[in-house]
Amino acid sequence: MNSPALRDRAFAQVRAGVHCGDAECREGSETERLAVLRARGRIRGRPPSGRPGVEGRPGAGRLLPGRWRSRGLAALGLTAGQTVTERQMELLFGEVRHPDADRMERELLDDGADPATARRATVLGQPIEEIEQRGQTPLLALDFTFRPQASLVVLWALGDERTRRVIERAHERAVAATLEWLEAEVAEIRWSSGRRRAKAPALVVAAFRHFDNRNGFPLLHEHCLIANRAQRPDGSWYALDTVRLYQHVVAAGTLYTLQMTTEVCEELGLATVPREVTPGLRPVMEIAGIDQELIDWSATRRRRIEDVLEGITDDYIQKHGRLPSERARHGLAWWAAQETRPDKKTPRPLDQLLAWWRVSALSKFGQRMVDGLLQRCQAAGKLIRARVGPRVDTALATVDVAAVAFTVRNIYARRHVLAEARRHLLETLRGRAYVPGIDSYIADRALQRYSRQLTVPQKGRRTPAPDQLSYTADFAWPARWWIAGTDGKPPRESTRYERARVASLTLQNAIRAALTAPPAARDEAPAESVAAASASAASAVPSDHDQAAPHAVDHPGRDATLTPAQRAAAIHAHQQAAMPQEYLERRTPRRG
């Protein structure tokens with residue numbers, strides 16, 4: 001089926017795991033033409049001749065093939081790890097038919113079925129021809145793309161064989177854990193024009209691993225094509241609720257980044273440090289010991305984007321007579337990224353790429369800097385791990401997550417709080433291991449203690465699911481301020497993230513002050529804290545610093561003879577050791 005309609009059917013593309021889990025969701029932003037172009041041998045990771053990929057580790061002229069994964073394969077007669085063939089791609093992702101439709105159709109024809117009936121029996125759900133007859137463009141799949149931080153990519157590209165295996169194994173497990181979370185917590189199928197829906201038992205995913213960016217520099221990432229079909233228990237196939245998947249893409253990205261970073265750091269003895277990529281936006285937790293020069297060497301596209309963005313920003317100022325707002329800056333950055341997007345090149349085997357990357361890095365930085373990369377990272381990680389223990393204060397984490405979600409979004413849902421909880425763990429633990437489930441525990445506590453539900457169930461309508469409820473908080477709204485420009489750049493307004501950090505630290509300081517105050521003054525401390533934070537937060541100082549949380553994450557093994565004030569002081573010291581220095585020195589705005 002090679003009609004123009006087939007070639008132009010849209011694949012929604014979702015970038016997950018970008019920059020410390022911050023994912024951008026670009027629904028319908030690019031027509032990937034994956035169904036035909038990739039099915040005809042142009043899948044990155046398979047030979048261009050159109051033959052199925054060669055199994056095994058890519059090297060010695062081999063490219064990693066696409067693989068089937070996820071729990072929905074059994075319904076299609078597939079098994080996890082099998083190679084994705086050209087014909088399977090064209091059938092499932094080009095025509096929404098069974099991957100083994102050719103055999104099934106032949107058997108039905110041999111049994112005497114007419115061609116139309118035989119073909120219809122291989123279609124999964126509603127035929128795409130019926131969708132196109134209504135003037136709609138069928139959404140055939142979603143492309144979730146997972147990639148680690150730039151520093152991990154550099155360490156993977158220039159490290160030894162063992163380092164690469166550790167990073168690739170962590171990447172594999174993080175992708176698997178994220179897909180399992182999407183299946184268990186997020187994925188739903190819908191029918192009757194979306195009026196009815198049910199939990200999707202499993203997803204069907206084809207994964208393709210890539211090793212470089214469009215300029216040929218290292219960029220380990222994996223495209224997970226999620227078919228827009230899932231099977232109900234009665235055997236029928238329906239479309240996924242793609243809007244719901246889009247809404248959870250940031251939470252999925254933060255889960256991938258948290259698990260990936262933690263496993264690599266624990267396995268290799270590393271730690272993370274915050275790196276500011278864009279002034280005013282959330283920092284990226286990079287591997288300590290990776291020089292900025294090495295990150296810039298691998299991030300060639302970013303330099304081109306920044307050059308173009310500077311010119312676009314100047315044009316915006318001249319046209320509108322004012323500096324771009326935060327939302328406008330995001331739009332200008334997206335435009336600059338599209339303007340500098342080069343065409344894809346013919347993929348090369350990984351062993352050739354590794355050799356070329358090493359030669360390029362040696363010629364620019366020298367052998368001492370390249371060969372001693374892992375040792376420097378381990379030395380820097382040792383210093384950080386010596387002062388940051390594998391402990392999480394759930395009380396301070398709860399107020400931090402709630403304050404950031406409120407200040408950034410004002411109205412938020414559980415998925416936003418869950419993503420913030422995972423970011424908090426990444427920033428606080430600095431690569432140390434965490435107890436599974438603590439992210440959900442912190443998110444639920446933030447909703448229960450500091451959030452106010454806005455969604456009101458209506459009589460006669462279906463009760464909304466917990467993750468469909470909207471919330472807000474009663475924290476004081478931090479004032480805006482302007483930040484002077486540097487290096488000839490114009491001043492800019494404080495971002496929502498900067499204001500959120502100030503609001504969070506103000507509330508945390510109020511809690512610390514109340515907990516560390518002498519017993520006689522303990523009752524007066526909340527009233528004084530109101531001036532710095534908010535009435536609701538200070539008047540209900542959390543007491544779960546000294547409680548054993550369900551996940552036993554507060555302070556396992558701590559000395560029970562310590563007084564509450566001593567324990568609060570220890571908590572404060574631990575949080576300060578883990579908190580980036582720029583946060584500790586951040587001033588707080590005056591009220592009003």
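What counts, and at which threshold
Residues numbered from 1 in each chain as written. Predicted model: local features only at pLDDT ≥ 70, side-chain atom pairs only at ≥ 80, totals over all residues. Heavy atoms only, no water. Helix = DSSP H or I, 4+ residues; strand = E, 2+ residues; numbered from the N terminus. Contact = heavy atoms within 4.5 Å. Areas by Shrake-Rupley, 256 points an atom, 1.4 Å probe, with all protein chains shown as cover. Salt bridge = Lys/Arg side-chain N within 4 Å of Asp/Glu carboxyl O. Buried < 20%, exposed > 50% of the residue type's maximum accessible area, 1.4 Å probe, protein only. Core = buried A, V, L, I, M, F, W, Y, C linked by side-chain atoms within 4.5 Å. Pairing = 2+ DSSP bridges. Phe/Tyr/Trp six-rings, centres within 6.5 Å; stacked < 30°, edge-to-face > 60°. Lys NZ or Arg CZ within 6 Å of the ring centre and 35° of its normal. Axes fitted to C-alpha atoms, helices over the stretch in contact; angles between N-to-C directions. Parallel < 35°, antiparallel > 145°, perpendicular 65-115°, else oblique. Expected span 1.5 Å × (residues − 1). Left-handed = near helix turned anticlockwise from the far one by under 90°. Nonpolar A, V, L, I, M, F, W, Y, C, P; charged D, E, K, R; others polar.

A. Representation of the overall build of the chain. The helix and strand tally for the chain stands at 24 helices and 16 strands. Considering only residue pairs separated by 6 or more positions, the chain has 69% of its internal contacts joining residues 24 or more positions apart. Accessible surface, the chain as shown: approximately 26,700 Å² in total, 51% of it carbon and sulfur.

B. Local environment of the pattern of salt bridges. For the structure shown, the criterion picks out 30 salt bridges. When the shortest N-O distance is used, the salt bridge between Arg69 and Glu222 registers 3.2 Å. Note that Arg69 is positioned in strand β3 (residues 67-69) and Glu222 in strand β8 (residues 218-227), a separation of 153 residues in sequence. Judged on exposure class, the residue Arg69 and its partner Glu222 are both buried. In this structure, the salt-bridge partner of Glu95 is Arg119, at a minimum N-O distance of 3.5 Å. With Glu95 in helix α3 (residues 86-95) and Arg119 in helix α5 (residues 115-120), the pair connects residues that are 24 residues apart, well separated along the chain. Given a relative accessible area of 23%, Arg119 falls into the partly exposed group. Ionic contacts of the salt-bridge type, sharing partners, join the residues Arg67, Arg69, Glu172, Arg209 and Glu222 into one network.

C. Representation of the nonpolar core within the structure. In terms of nonpolar packing, the biggest core is built from 92 residues, with Phe144, Leu155, Leu182, Leu270, Ile290, Trp357 and Ile442 touching the most fellow members. With ten residues, helix α10 (residues 249-268) is the single largest residue contributor to this core. Residues contacting Leu270, with those up to four places away along its chain left out, are Leu155, Val264, Cys265, Ile287, Leu374, Cys377, Gln378, Gly381 and Arg385.

D. Spatial organisation of the sheet that holds strand β6 (residues 196-199). With antiparallel pairing, the four strands of this open sheet are ordered in space as β6-β5-β10-β9. Each end of this open sheet is capped by a strand with a single partner; those strands are β6 and β9 (230-231). Where strand β5 (residues 188-191) meets strand β10 (residues 237-240), two bridges bridge the pair, whose relative direction is antiparallel. By the bridge assignment for β10, Ile189 is matched with Leu240.

E. Looking closely at the packing of aromatic side chains. Per the stated rule, a full pass over the model turns up eleven aromatic pairs. For the pair Trp68 and Phe93, a centre-to-centre distance of 6.3 Å together with 10° between the ring planes defines the contact as stacked. Taken together, the residues Trp68 in strand β3 and Phe93 in helix α3 connect sequence positions 25 residues apart. A relative accessible area of 1% means that Trp68 is categorised as buried. Clustering of aromatic rings is evident, with ring pairs tying together Phe144, Phe146 and Tyr256. Sitting over the face of the ring of Trp181, Arg422 holds its NZ or CZ atom 4.7 Å from the ring centroid.

F. Structural detail: the pairing of β8. Within β8, nine of the ten residues are buried, which leaves it mostly tucked inside the rest of the structure. As judged from the six bridges shared by strand β4 (residues 141-146) and β8, these two strands associate in the antiparallel manner. Bridging from a neighbouring strand, Phe146 pairs with Glu222 of β8. The turn joining strand β7 (residues 205-212) and β8, which pair antiparallel and follow one another in sequence, is formed by five residues; a positive phi near 90° is taken by Gly216.

G. Just the packing of helix α7 (residues 150-158) against helix α14 (residues 350-365), in detail. One can describe the packing of α7 onto α14 by two numbers: an axis separation of 9 Å at closest approach and a directional angle of 105°. With respect to α14, the element α7 is oriented roughly perpendicular. Listed contacts from α14 to Trp156, Ala157 and Leu158 of α7 are Leu350, Leu354, Trp357, Arg358 and Ala361.

H. Highlighting helix α17 (residues 394-409). The terminal C-alpha atoms of α17 lie 22 Å apart, and with 16 residues this matches the ideal 22 Å at 1.5 Å per residue to within 8%. In terms of burial, α17 is a largely internal element, 15 of the 16 residues being buried. Of the residues one or two after α17, Asn410 is the one with positive phi, at around 70°.

I. Local environment of the side chain of Thr122. Considering the arrangement of structural elements, one finds Thr122 in the loop between α5 and α6 (128-133). Those residues within four positions of Thr122 in sequence are excluded, and the remaining contacts are Arg97, His98, Ala101, Met104 and Glu105.

J. A look at the packing of helix α8 (residues 161-186) against α10. Put simply, α8 and α10 touch, their axes get as near as 8 Å, and they point 150° apart. In terms of their interaxial angle, α8 and α10 are classed as roughly antiparallel. The hand of the α8/α10 crossing is right-handed. Here the contact of α8 with α10 is built from residues that sort into 15 nonpolar, four polar and five charged.

K. Highlighting helix α12 (residues 300-320). If you check α12, its first and last C-alpha atoms are 31 Å apart, about what 21 residues at 1.5 Å a residue would give, namely 30 Å. Buried within α12 are the following residues: Thr300, Arg301, Ile305, Ile312, Thr313 and Tyr316. In the segment just after α12, Gly321 is the residue with positive phi, at about 70°.

L. Expanded view of the environment of Val153. Positionally, Val153 belongs in helix α7. A relative accessible area of 2% means that Val153 is categorised as buried. Expressed as a C-alpha distance, the spacing of Val153 and Arg164, which sit eleven residues apart in the sequence, is 9.5 Å. Apart from the residues within four sequence positions on either side, Val153 is in contact with Pro148, Pro218, Leu219 and Leu220.

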